[in-house]
Amino acid sequence: MPSSTYIQHFKWNVTDKYTIYNSLFAALPFSGISNVGALLPILLQACVDGYQEGKEPMEILENFFKQHTPAATEAEQMERLFKFVQYIERQVVLFDAIEDAAFETVHNTNGSGSLKALYNEAYYAGKVPALKEKLRNFKVRVVLTAHPTQFYPGSVLGIIHDLGEAIARNDFQTINLYIQQLGITPFFNKKQPTPFDEAINLMWYLENILYKSIGNIYNFIQRDIFDGEFDTENPFIELGFWPGGDRDGNPFVNAATTLKVAESLRSAIIVCYYRDIRKLKRRLTFAGVDTLVSQLEEQLYENVFRPKESKRVHREELMGKLMDIKALLLKQHHGLYISRVDSLINKVKIFGTWFASLDIRQDSRIHTKVLKDIDQTTRKLNGKGILPDNYDALSEADKIEALCSISQVVETKDVTEEISKDTIESIFAIHSIQQINGESGCHRYVISNCQSALNVMEVFALFRLCGWDTGKLTVDIVPLFETIDDLQDAEKIMHTLYTHPVYKKHLLQRNLHQTIMLGFSDGTKDGGYLQANWSIYTAKKALTAISRQHNFKVKFFDGRGGPPSRGGGKTNKFYASLGSDIENEEIQLTIQGQTITSNFGTIQSSQYNLEQLLSAGISNTVFAANRAQISEADREILKELGAISHSAYQSFKEHPQFLPYMQQFGPLNYYSKSNIASRPGKRGNAEQLKFEDLRAIPFVGSWSQLKQNVPGYFGVGTALQQMKDNGKWEQVQSLFNNVLFFRTLIDNSMMSMLKSFFPLTAYIQQDPVYGSVWEMIKQEFDLTKKLVLELANASQLMQDDQTGRASILMRDKIVLPLLTIQQYALHQLRTGKLTDTQKATYEKLVTRSMFGIINAARNSA
């Protein structure tokens, strides 16, 4: 269908339905306050008109109260503002549910990027054998994280899912009930969730969405691409899991949590198998088969409900029993319902008894500290430490040799610091999980802030200290390179590791595979949008070359967030654009918070987005001859663009009011009050916020709520203009037309700009301290918008994605009053002489307004 058809479907199935069902909100009473629902459209129009007339948020609200409500006192006005926040939050939920329900009508699920389209392209190009060969080894690993970008509590996520299904059925009575349920369901967690709470919330997606959508994809590949003649054990899609394992900056994650989460993941997948076998039991009623099914049902029941008393079932045992059932069906019962048995066998192949592989992550500085703690304690206990006396004075190479010479084994009593104790216990926990769920249950240790080969060998030494035979270590050690400097040093670091005999031996028994993680979020925060993405691209190219030189196969694990500035946006297009110079055996990426809800919130959207990733990686190899590669000349242009944009961003970042601007006019200081995550809002314990301690999520999320989205475009316009001034515009234009990687960068930048709205904060330009900062941002925005539109030969941002554009504009309109309320509250906190009670109330208003704004944007943090 042409794009005009999809935009028409969007109008019918999203815009019109929202208008109809939104009217139900007008009847929802909140605490006896009448006419709130009726007044909200008036407030929205007042905001639209007010910003067009150049009014400030404070003036818009003050005029609204004078003209349209009897609320005269501050207390009455605040009460109404809180009720507006409640209404708008629920309007966003309704829109989410409606858009989810309309997914298949506004997206071409069998079009470009789908597995069906991939197969058809391969068929007509005579590439089906090449497609099958690639599928034998290629896979996507999706790693769910508990990063604090999910502002919906679990109860509301359940309502969104159920409401979406009712809307898809046009079940008006049930829709009305769910809307009433929304009206009295709290959106705010009264207390901060624990890491285990976060894990349980994410497991809902594993059980209800990904279990089914991944199973559907596997079945399609087996049936339609391999024609049922399957000769590979490749699962195609694997799941990773960070809640309960990610310790980086989160003091609330400990070894006990890790073990508890691993046990819960096991229980969750056994429950899924139990449900499926119960459904099979109703169909497989034949002599002999019914007995086998009943026995398996009973065994799964015992594993779920009496795990301590029953013998733990393992993947191989499950596979064996299901294969026995299949064999008997073929032999005696004409293979009836065998496709259903195959479907369950496929799921067991994919998910085993671990469901999702739990990753452990910790900061490199912690490992250094733990080793010193062990050394000091063992010196006190035994008179001899684990490290040489002059360790601190040694060169990096000598320190590595000293670590490789460690032969002692320690216990938790051999350390004094709590962080040291947990680090050791977490390594013990990996071994325990592998005993319960197999190696796939937990086999990766990610090192954040990895800045040297020594950082990797420190972790290797810790495994040895914890009693692991490092000659047979069943764990992959994964360095994470994040900053621009780290990305530039990554090739040298990996060369040191590849050539070290001890680490080389470790990789030999890990099938010559090395996983390397690259961080998009901190890279952008550190170096700006263009430079961060180009630095990651060049790092991947260099790391591929050095790995191939030493005969190792590198796997890249991308730490991506939701918005383009954190590696999100149209992610699949990045993977389709990488070319043959970058290793392409796997796509591995993190999926965080909002992105889980928006891209994997329904079976349909999950299957669509997973297929897009699979297809992108596969087509990059199978159709490589048809895809334009990035030439040396293109690289030089990209390098120059990156350097100019980096310089512009650094200059802005070094402005003395850069961080204070965000703190004064945005909600940066209020993330920790939102109770959306177990992880603290910043690194370290310093009272004064430093840029290096600022996490990427509140950094990007605050710019998003300011509706300025600086990390998504700042420096791009300056770089394009300088290239134009230098007579290189034709080369840049050619780059955009011919190189998908660059075009995707620009497309994603357009998304960031479309989500910006400068009239909201135009009043800041009059501020004697911060006015120049606002002007600097606005000038860069205007310049970037002008030049990217010229580059794309377009008259409006996201012109080639009209349904995506319509969705963003409609969401932004819904939350315009909420943005106004947030700016009003921040203004009062900034300028008003408030009592402690008033201050607390306005702070609460800022925090509560964050929820609807972030949720409406879907990928803003």
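Figured I'd write up the structure that's included with this text. For clarity, every value in this text was computed on a predicted model and none was experimentally measured.

Reading guide: rules and limits
- Residues numbered from 1 in each chain as written.
- Predicted model: local features only at pLDDT ≥ 70, side-chain atom pairs only at ≥ 80, totals over all residues.
- Heavy atoms only, no water.
- Helix = DSSP H or I, 4+ residues; strand = E, 2+ residues; numbered from the N terminus.
- Rg over C-alpha atoms; globule rule 2.2 N^0.38 Å.
- Buried < 20%, exposed > 50% of the residue type's maximum accessible area, 1.4 Å probe, protein only.
- Contact = heavy atoms within 4.5 Å.
- Disulfide = S-S within 2.5 Å.
- Pairing = 2+ DSSP bridges.
- Salt bridge = Lys/Arg side-chain N within 4 Å of Asp/Glu carboxyl O.
- Patch = residues over 30% accessible without salt bridge, like charges linked within 9 Å, V, L, I, M, F, W, Y side chains within 5 Å.
- Areas by Shrake-Rupley, 256 points an atom, 1.4 Å probe, with all protein chains shown as cover.
- Lys, Arg positive; Asp, Glu negative; His and termini not counted.
- Charge placed at Lys NZ, Arg CZ, Asp CG, Glu CD.
- Phe/Tyr/Trp six-rings, centres within 6.5 Å; stacked < 30°, edge-to-face > 60°.
- Core = buried A, V, L, I, M, F, W, Y, C linked by side-chain atoms within 4.5 Å.
- Polar contact = N/O pair within 3.5 Å; in protein donor to acceptor, adjacent residues only side chain to side chain.
- Axes fitted to C-alpha atoms, helices over the stretch in contact; angles between N-to-C directions.
- Parallel < 35°, antiparallel > 145°, perpendicular 65-115°, else oblique.
- Nonpolar A, V, L, I, M, F, W, Y, C, P; charged D, E, K, R; others polar.
- Left-handed = near helix turned anticlockwise from the far one by under 90°.

## Some remarks on the overall build of the protein chain
- Summing up its helical and strand segments, the protein chain has 35 helices and 8 strands in all.
- Here the C-alpha atoms of the protein chain give a radius of gyration of 28 Å, agreeing with the 29 Å that 2.2 N^0.38 yields for 861 residues.
- If one aligns the C-alpha atoms of the protein chain with their principal axes, the spans along those axes are about 75 × 75 × 60 Å.
- Split into buried and exposed, the 861 residues of the protein chain put 61% on the buried side.
- Within the protein chain, residue pairs in contact and separated by at least 24 positions form 81% of the contacts whose partners lie at least 6 positions apart.

## Topic: the state of the cysteines
- In this structure the tally under the stated criterion is 0 disulfides.
- Cysteine Cys 466 remains unbridged, with the sulfur of Cys 442 as its closest cysteine sulfur at 13 Å.

## Quick notes on the pairing of strand E7 (residues 553–559)
- When you tally the buried positions in E7, you get 6 out of 7 residues, the bulk of the element.
- Judged from the 7 bridges that link them, strand E6 (residues 513–519) and E7 form a sheet pairing that is parallel. Counterpart to Gln 514 in the pairing with E7 is Val 554.
- Of the pairings in the sheet, the one linking E7 to strand E8 (residues 586–592) comprises 2 bridges and is parallel in character. The partner of Asp 558 across the bridge, within E8, is Leu 589.

## Considerations on the environment of Phe 600
- For Phe 600, the position within the fold is in helix H24 (residues 593–600).
- Excluding residues within four positions of it along the chain, Phe 600 makes contact with Tyr 205, Ile 209, Leu 210, Ile 591, Thr 595, Ser 605, Ser 606, Asn 609 and Leu 610.

## A look at the pattern of salt bridges
- Under the criterion given, the structure shown has 43 salt bridges.
- One connected set of salt bridges, linked through shared partners, spans Lys 139, Arg 141, Glu 238, Asp 359, Arg 444, Lys 555 and Glu 586.

## Comments concerning a positive patch on the surface
- Judged by side-chain charge, Lys 212, Lys 279, Arg 282, Arg 283 and Arg 340 come together as a positively charged surface patch.
- The dominant element in the positive patch, judged by the number of residues it contributes, is helix H11 (residues 255–283), at 3 residues.
- Relative to the helices and strands, Arg 340 is located in helix H14 (residues 338–351).

## Brief notes about the pairing of strand E4 (residues 444–448)
- With 5 of its 5 residues buried, E4 lies for the most part within the structure.
- A two-sided burial pattern is seen for E4, the buried positions comprising Arg 444, Val 446 and Ser 448 on one face and Tyr 445 and Ile 447 on the other.
- Two elements, strand E3 (residues 357–363) and E4, share 5 bridges in a ladder whose sense is parallel. Its bridge partner being in E4, Asp 359 is matched across the sheet by Arg 444.
- Here E4 runs beside strand E5 (residues 476–481); their pairing, made up of 4 bridges, is parallel. Bridged to Tyr 445 within E5 is Ile 477.

## Brief notes about the packing of aromatic side chains
- For the coordinates displayed, the defined rule picks out 39 aromatic pairs.
- With a centroid separation of 6.2 Å and 55 degrees between ring planes, the pair formed by Trp 534 and Phe 741 is classed as tilted. One end of the pair, Trp 534, is in helix H22 (residues 529–549); the other, Phe 741, is in helix H31 (residues 740–754), and 207 residues separate them in sequence. The same class applies to Trp 534 as to Phe 741, namely buried.
- Ring geometry for Phe 658 against Trp 703: centres 6.1 Å apart, planes inclined by 50 degrees, an arrangement best described as tilted. Within this pair, whereas Phe 658 is found in helix H27 (residues 658–665), its partner Trp 703 is found in helix H28 (residues 696–705), the two being separated by 45 residues in sequence.
- Accessibility expressed as a relative area gives 2% for Phe 658, which makes it buried.
- Given the relative accessible area of 0%, Trp 703 is considered buried.

## With respect to the nonpolar core
- Formed by 262 residues in total, the largest nonpolar core has its most connected members in Phe 241 and Phe 742.
- Sort the elements by how many residues they give to this core and helix H10 (residues 195–225) lands first, with 15 residues.
- The residues contacting Phe 742, other than those within four sequence positions of it, are Leu 638, Leu 641, Leu 720, Val 732, Leu 735, Phe 736 and Leu 791.
- Val 143, Trp 242, Val 446 and Met 517 belong to the second largest nonpolar core, which has 7 residues in total.

## With respect to the environment of Asn 669
- Tracing the backbone shows Asn 669 in the loop between H27 and H28.
- Note on Asn 669: relative accessible area 35%, which makes it partly exposed.
- Spatially, the C-alpha atom of Asn 669 lies 40 Å from that of Val 554, the residues being 115 residues apart in sequence.
- Within the local environment of Asn 669, its side chain forms a polar contact with the side chain of Gln 663, the two groups lying 3.3 Å apart.

## Brief notes about the packing of helix H3 (residues 57–68) against helix H34 (residues 816–831)
- It is the contact of H3 with H34, at a shortest axis distance of 8 Å, that shows an interaxial angle of 105 degrees. Here H3 is positioned roughly perpendicular relative to H34, judged by the angle of their axes. When H3 is examined against H34, the residues Pro 57, Met 58 and Leu 61 are found in contact with a partner set consisting of Thr 820, Ile 821, Gln 823, Tyr 824 and His 827.
- Grouping the constituent residues of the contact of H3 with H34 by class yields 5 nonpolar, 3 polar and no charged.

## Section: the side chain of Lys 17
- Counting through the fold element by element, Lys 17 comes out in helix H1 (residues 3–22).
- The side chain of Lys 17 is buried and forms no salt bridge, while Asp 16, the nearest opposite charge, is found at 10 Å.
- Beyond its immediate stretch of four places on either side in the chain, Lys 17 contacts Trp 12, Ile 98, Ile 167 and Asn 170.

## A look at the packing of helix H7 (residues 128–135) against helix H25 (residues 603–622)
- Relative to each other, H7 and H25 sit at 125 degrees, their axes nearing to 10 Å. Judged by the angle between their axes, H7 and H25 are oblique. In this structure, the crossing between H7 and H25 has a hand that is right-handed. Of H25, the residues touching H7 (which contributes Ala 130, Leu 131, Lys 134 and Leu 135) are Gly 617, Ile 618, Thr 621 and Val 622.

## Here's the deal with H28
- Among the 10 residues that make up H28, 10 are buried, leaving the element largely enclosed by the rest of the structure.
- Following H28 by one or two positions, Lys 707 adopts a phi angle in the positive range, close to 60 degrees.

## Quick word on the sheet that holds E3
- Strand order in the closed barrel formed by 8 strands is E1-E2-E3-E4-E5-E6-E7-E8, and the pairing between neighbours is parallel. Taken pair by pair, the neighbouring strands of this sheet meet at an average axis angle of 25 degrees, ignoring direction.
- Its contacts with the sheet place H10 against strand E1 (139–145) and strand E2 (237–241), and it is angled at close to 175 degrees to E2.
- Against the sheet, H22 touches E6 and E7, its axis set at about 160 degrees to E7.

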